[in-house]
Amino acid sequence: MRGGTVAVVGGSIAGCAFASAAARAGADEVLVLERTRGRLADRGVGLCIHDERAAELTATGALPAGIPAHPLTRRTWVVRDDAAGPAGRTFWEQPFPFHSYHWGLLWRGLREATPDSVAYRQGAAVSEVADGTDRTDGADGANGADGAQGAAEVRLADGGVERYDLVVGADGYRSVVREALSPKSRPQYAGYVCWRGNFDAARLPEAGAGHWSPDAVTTVCFPGGSCVVYRIPGPEGLRVNWVLYATPPQAGRLPYDDPTSFPPGRVTEELRAHLGELLERRFPPHWARVLRLTEPQDTIVQPLYDLDAERIAAGRLLLAGDAATVVRPHNTSGAAKALQDASAFESAWRAAGSWAELTSAYQAARGPAGRELVALARRLGRAQVEQTPAWASLDHRAAQEWWTGQLAGAADIGGQAMTGP
Ligand SMILES: Cc1cc2nc3c(=O)[nH]c(=O)nc-3n(C[C@H](O)[C@H](O)[C@H](O)COP(=O)(O)OP(=O)(O)OC[C@H]3O[C@@H](n4cnc5c(N)ncnc54)[C@H](O)[C@@H]3O)c2cc1C
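The residue numbers shown here count from 1 along each chain, following its written sequence. In keeping with the predicted nature of the model, local features appear solely for residues at pLDDT of at least 70, side-chain atom pairs appear and are counted solely at 80 or more, and the whole-chain, interface and lining totals rest on all residues. To get the side-chain values, all heavy atoms of the structure are used, and hydrogens and water are removed first.

### Let's talk about the overall build of the chain
Helix and strand counts for the chain stand at ten helices and 18 strands. To get the radius of gyration, use the C-alpha atoms; to get the globule rule, take the number of residues to the power 0.38 and multiply by 2.2 Å. Computed over its C-alpha atoms, the radius of gyration of the chain comes to 22 Å, within 12% of the 22 Å expected for a compact globule of 421 residues. Along the longest, intermediate and shortest principal axes, the C-alpha atoms of the chain span 75 × 40 × 40 Å. Considering the chain as a whole, with its 421 residues, one finds that 55% of them fall into the buried category. Any two residues whose heavy atoms approach within 4.5 Å are treated as being in contact. Partitioning the intrachain contacts of the chain with sequence separation of at least 6 by distance along the chain shows that 76% fall at a separation of at least 24. Each accessible area value is a Shrake-Rupley result obtained with a 1.4 Å probe; residue values ignore everything except the protein chains displayed when judging cover. By element, 50% of the accessible surface of the chain is carried by carbon and sulfur atoms, the whole surface being about 16,900 Å². Secondary structure elements follow DSSP: runs of H or I no shorter than four residues count as helices, runs of E no shorter than two count as strands, and numbering proceeds from the N terminus. Residue burial is assigned from relative accessible area. The probe radius is 1.4 Å, only protein chains are included, and a residue is buried under 20% of its type maximum, exposed over 50%, and partly exposed in between.

Right, dumping it as structure tokens:
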């Protein structure tokens with residue numbers, strides 16, 4: 001199928017990747033509508049992509065070459081053990097074939113790789129979308145350019161109304177496109193949050209951690225949670241990124257039912273104090289010192305959610321990335337999943353003879369994949385936060401069994417290899 005106009009709502013990771021995919025597949029016109037006015041690149045922190053997923057995504061063109069990435073090879077699991085020393089005791093080590101990325105640098109690489117034909121409009125907040133195919137279902141032209149009749153409608157916050165042949169919702173976990181496509185699907189609070197932070201890796205020696213191997217990921221385990229620490233590339237050299245999962249204090253009183261987060265500088269005193277207490281009472285002192293190198297303005301708190309939208313494509317609407325599937329970060333799959341969605345979209349477009357064929361092929365390829373990711377992340381969250389084992393009693397073999405139980409047949413975390421279309 002060739003031709004047609006495409007609006008992509010949201011210009012983050014999924015948005016840039018889908019805009020490029022639509023342009024490569026042959027759309028006449030691709031427009032990204034991003035509500036943010038400032039530089040998105042300044043807002044993110046660290047994420048990882050499994051090496052096998054990265055190789056597949058580079059081959060399909062979804063992951064452009066040349067984006068800074070830091071190699072990680074192994075993950076060690078440690079628990080506080082004062083008899084073993086201030087760094088605690090390592091009870092398990094597993095392979096970790098991932099590269100870490102700086103969110104802003106990944107976004108910039110994807111943004112720069114979008115073809116010049118793609119228009120990227122900032123400060124364009126979409127308030128509502130509507131699928132028009134109920135009026136013109138039969139008019140699914142093979143060249144895709146079947147005019148305004150069958151188009152989806154985009155309503156902008158400034159009052160403007162625009163029509164496109166296809167609207168892609170790459171607008172994240174509070175998607176307005178999902179409201180139109182799958183209105184009953186809402187993110188569900190997972191029951192715990194993550195504190196995230198990052199700091200300049202050159203400061204590690206101040207905490208006596210200058211020798212910490214650059215390719216290592218350390219998971220600090222404590223009753224009721226765990227914390228993952230690793231290096232990421234940064235605009236000015238390596239940074240240390242960490243994500244600590246635990247139940248927040250007095251959860252009922254904080255606004256976790258509403259999907260939102262506490263951005264830098266807005267972390268409440270109660271959440272800050274709780275983090276301090278966890279570091280003091282639960283962490284090996286060495287790793288507590290490492291995390292304390294983080295400046296307050298570089299700490300954020302995010303409530304975690306699960307969402308697996310019932311429908312991710314129908315009529316002239318289609319969901320991408322976090323708009324379709326919100327997965328707890330234990331999976332380390334958010335960015336890879338968004339890029340895989342874009343690859344599947346491009347393949348489905350190339351094979352389709354009509355919009356209906358495109359949306360049904362995309363739904364068939366990515367619906368089950370999203371569902372599996374959400375289920376895996378729930379198992380990982382249960383085992384690593386909600387119902388943590390007696391960490392100190394685990395040896396290598398018991399830890400391996402514990403991990404295999406969480407995978408429940410999945411090959412690894414980080415997302416699975418793509419199948420069809
Ligand atoms: C600023 C930012 C920083 C992030 N940092 C990290 C990180 O450090 N580590 C990590 O693992 N993951 C991070 N993520 C999440 C990560 O990007 C996603 O899990 C994954 O890459 C898939 O994202 P996405 O593009 O589907 O959705 P998102 O990244 O959530 O992007 C959605 C985009 O849509 C825009 N948008 C939303 N609603 C509207 C609307 N109504 N109209 C127009 N535009 C709209 C948003 O401004 C945003 O740019 C971050 C996301 C954002 C937006």
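Let's pick the thread back up.
### Details of the sheet that holds strand E13 (residues 225–232)
Strand pairing is defined by DSSP finding a minimum of two bridges between the two strands. Strand order across the open sheet formed by nine strands is E3-E5-E4-E12-E13-E14-E11-E15-E18, with mixed pairing between neighbours. With one partner strand each, in any of the chains shown, strand E3 (46–50) and strand E18 (325–326) form the two edges of the open sheet. Across eight bridges, the pairing between E13 and strand E14 (residues 239–246) is antiparallel. Its bridge partner lying in E14, Gly225 is registered against Ala246. Only the stretch in contact is used when a helix axis is fitted, and all axes are lines through C-alpha atoms; the angle between N-to-C directions ranges over 0 to 180 degrees. Each of strand E11 (188–200), strand E12 (216–222), E14 and strand E15 (299–308) is contacted by helix H6 (residues 269–282), which is oriented at about 95 degrees to E14, the strand it contacts most.

### Side note on the domain arrangement of the chain
For the domain bounds, the source is a domain assignment made automatically or taken from a database. Domain boundaries assigned for the chain yield domain 1 (5–43 + 106–187 + 306–385) and domain 2 (70–102 + 189–305). Facing the 16 residues of domain 1 at the interface are 19 residues of domain 2. Buried area counts how much accessible surface, traced with a 1.4 Å probe, disappears from two parts once they are put together, with both parts' losses summed. Interface area for domain 1 against domain 2, summed over the two sides, is near 1,500 Å², with a carbon-plus-sulfur share of 55%. Interface area lost by domain 1 to domain 2 is led by Pro329, Gln384 and Val385, which between them contribute 35%. Just to be clear on terms, a salt bridge is a Lys or Arg side-chain nitrogen sitting within 4 Å of an Asp or Glu carboxyl oxygen. If you look at where domain 1 meets domain 2, you find zero salt bridges. The term polar contact refers here to a pair of N or O atoms within 3.5 Å; inside protein, the definition further demands a hydrogen-donor-capable atom paired with an acceptor-capable atom, and it admits residues adjacent in sequence only when both atoms are side-chain atoms. Here domain 1 and domain 2 share four residue pairs in polar contact (both at pLDDT 80 or more) between them. The set of elements that each furnish at least two residues to the side of domain 1 that touches domain 2 consists of E15 and helix H9 (355–386). In terms of residue count, the dominant contributor to the side of domain 1 that touches domain 2 is H9 (three residues). Its residues assigned to classes, the side of domain 1 that touches domain 2 comprises nine nonpolar, four polar and three charged. Here the term charged refers only to Asp, Glu, Lys and Arg, the term nonpolar to Ala, Val, Leu, Ile, Met, Phe, Trp, Tyr, Cys and Pro, and the term polar to all other amino acids, Gly among them.

### Description of the layout of surface pockets
Computed from the structure, the second largest pocket encloses a volume of approximately 210 Å³. Trp195, Trp242, Val267, Arg272, Leu275, Gly276, Leu279, Leu291, Arg292, Thr294, Pro296 and Thr299 are the residues that line the second largest pocket. Here the lining of the second largest pocket takes four residues from H6, the largest share from any one element. Split into classes, the residues belonging to the lining of the second largest pocket amount to seven nonpolar, three polar and two charged. Here a cavity is any set of points on a 1 Å grid over the protein atoms alone where a 1.4 Å probe fits but cannot get out, and a pocket is any open set with protein on both sides within 12 Å along at least 5 of 7 lines; a residue lines the site when it has an atom within 4 Å of a point. Grid points are joined across faces, edges and corners, and a volume is the space filled by probe spheres set on the points.

### What about unusual backbone geometry?
Of note, the phi angle at Thr332 is positive, near 55 degrees, even though the residue is not glycine. Along the chain, Thr332 turns up in the loop between E18 and helix H8 (334–351). The backbone of Ala408 shows a phi angle near 45 degrees, a positive value even though the residue is not glycine.

### As for the packing of helix H2 (residues 51–60) against H8
Between H2 and H8, the least distance of the axes is 10 Å, while the angle of their chain directions is 35 degrees. Crossing of H2 over H8 shows left-handed handedness. In this structure, H2 contributes Arg53, Glu56, Leu57 and Thr60 to the contact, and H8 contributes Ala336, Leu339, Gln340, Ser343 and Glu346. Crossing handedness is read from the near helix: turned anticlockwise from the far helix by less than a right angle, it gives a left-handed crossing, and turned clockwise, a right-handed one.

### Some thoughts on the packing of aromatic side chains
Ring pairs shown here join Phe, Tyr and Trp side chains whose ring centres sit within 6.5 Å, with only the six-membered ring taken for Trp; geometry is labelled stacked below 30 degrees between planes, edge-to-face above 60, and tilted in between. In the structure shown here, the tally under the stated rule is 17 aromatic pairs. Taken together, the ring pairs connect Trp77, Phe91, Trp92, Trp391, Trp402 and Trp403 into an aromatic cluster. The positively charged end of Arg111 is found above the aromatic ring belonging to Tyr120, 4.1 Å away from the centroid. Criterion for a charge above a ring: Arg CZ or Lys NZ at most 6 Å from the ring centre, at most 35 degrees from the ring normal.

### Let's talk about the confidence of the model for the chain
Atom-level detail of predicted coordinates should not be read off regions where pLDDT is low. The score called pLDDT rates the predictor's confidence residue by residue, from a low of 0 to a high of 100. Averaged over the chain, the pLDDT score is 91; the fraction of residues at 70 or greater is 91%. Note on residues 135–148: pLDDT is under 50 here. Beyond four places in sequence and across chains, it has 34 contacts.

### What about the nonpolar core?
Grouped together as the largest cluster of nonpolar side chains are 70 residues, with contacts concentrated most on Leu106, Val167, Val168, Leu339, Phe345, Trp349 and Leu358. Counting residues per element, this core draws most heavily on helix H1 (residues 13–25), which supplies ten residues. Aside from chain neighbours lying at most four places away, what touches Phe345 is Phe18, Ala21, Ala22, Leu166, Val168, Leu318, Leu358 and Tyr362. Throughout, nonpolar core names a set of buried Ala, Val, Leu, Ile, Met, Phe, Trp, Tyr and Cys residues whose side chains join them through atoms within 4.5 Å.

### Quick notes on the site of the ligand
Any residue with a heavy atom lying within 4 Å of a molecule or strand is counted as near it. Close to the ligand lie 30 residues, the nearest being Ser12, Ala14, Glu34, Val45 and Trp103. One nitrogen or oxygen atom from the side chain of Ser12 is found 2.7 Å from an oxygen atom belonging to the ligand. Measuring from an oxygen atom of the ligand, one finds a backbone N or O atom of Val45 at 2.6 Å. Expressed as a share of its isolated accessible area of 910 Å², the protein-covered part of the ligand is 86%. At the level of elements, H1, strand E2 (29–34), E3 and H8 are the ones that each hand at least two residues to the shell around the ligand. Take the shell around the ligand: its biggest share by element is three residues, from H8. By residue class, the composition of the shell around the ligand is 16 nonpolar, eight polar and six charged.

### What to know about the sheet that holds strand E8 (residues 152–156)
Pairing in this open sheet of three strands is antiparallel, and the strands run E7-E8-E9 from one edge to the other. Of all the strands in the sheet, the pair left with one neighbour each is strand E7 (126–130) and strand E9 (161–164). Each neighbouring strand pair of the sheet contributes to a mean axis angle of 25 degrees, computed without reference to strand direction. Note that E7 and E8 share four bridges and pair antiparallel. Counterpart to Val129 in the pairing with E8 is Val154.

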